[in-house]
Amino acid sequence: QVRLVESGGGSVQPGGSLRLSCATSGIAFVIFDMAWYRQRPGKERELVAVITADDEISYSDFVKDRFTISRDNPKDTLYLQMDSLKADDTAVYFCNGKKWGYDYWGQGAQVTVSS
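Residues numbered from 1 in each chain as written. Predicted model: local features only at pLDDT ≥ 70, side-chain atom pairs only at ≥ 80, totals over all residues. Heavy atoms only, no water.

1. So, the overall build of the protein chain
1) Next: Each helix and strand in the protein chain was counted, giving zero helices and eleven strands.
2) Next: Counting helices and strands in the order they occur from the N terminus, the protein chain gives β-β-β-β-β-β-β-β-β-β-β.
3) Next: Radius of gyration (C-alpha) of the protein chain: 13 Å, near the 13 Å computed for a compact globule of 115 residues.
4) Next: Each of the three principal axes of the protein chain carries a C-alpha extent, and together these read 40 × 25 × 25 Å.
5) Next: Relative to its full complement of 115 residues, the protein chain shows a buried share of 42%. (Helix = DSSP H or I, 4+ residues; strand = E, 2+ residues; numbered from the N terminus. Rg over C-alpha atoms; globule rule 2.2 N^0.38 Å. Buried < 20%, exposed > 50% of the residue type's maximum accessible area, 1.4 Å probe, protein only.)

Below is the structure:
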């Protein structure tokens, strides 16, 4: 069975850091394009960052220079290092994997940034 399981979410003060992980199984992780999305309260889901199977990385402007996406292919795991967190980063963060016609999602991890 295909599984994408996020972990590492939680509550942090503004300016703090969190590291999200997405452990995958049941997919050929090394050839999948991976991404993080988020959904803020009352808003639609939006793209945060992408790392392709060829290790090409792109970020949305609102997280550039604060977040770092990476992958560990031997561990079949995707990461998102989040630094300098802001209240507007509060959201459910979703792990996503795509290849050919396949499109897989995790259940999401809550990140809350508040004082």
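2. Let's talk about the pairing of strand β3 (residues 18-25)
1) Next: Strand direction decides the pairing type here: strand β1 (residues 3-7) and β3, joined by five bridges, are antiparallel. Bridge pairing links serine 7 to serine 21 in β3.
2) Next: As paired strands, β3 and strand β8 (residues 77-82) are joined by six bridges and run antiparallel to one another. Note on β8: the bridge partner recorded for leucine 20 is leucine 80. (Pairing = 2+ DSSP bridges.)

3. Some points on the side chain of serine 21
1) Next: Relative to the helices and strands, serine 21 resides in strand β3.
2) Next: Excluding residues within four positions of it along the chain, serine 21 makes contact with Val5, Glu6, Ser7, Trp36, Thr77, Leu78 and Tyr79. (Contact = heavy atoms within 4.5 Å.)

4. Brief notes about the sheet that holds strand β7 (residues 67-72)
1) Next: The strand order across the open sheet built from four strands is β1-β3-β8-β7, with neighbouring strands paired in antiparallel fashion. Among the strands making up the open sheet, the edge pair consists of β1 and β7. When strand polarity is set aside, the average angle formed by the axes of neighbouring strands in this sheet is 15°. (Axes fitted to C-alpha atoms, helices over the stretch in contact; angles between N-to-C directions.)

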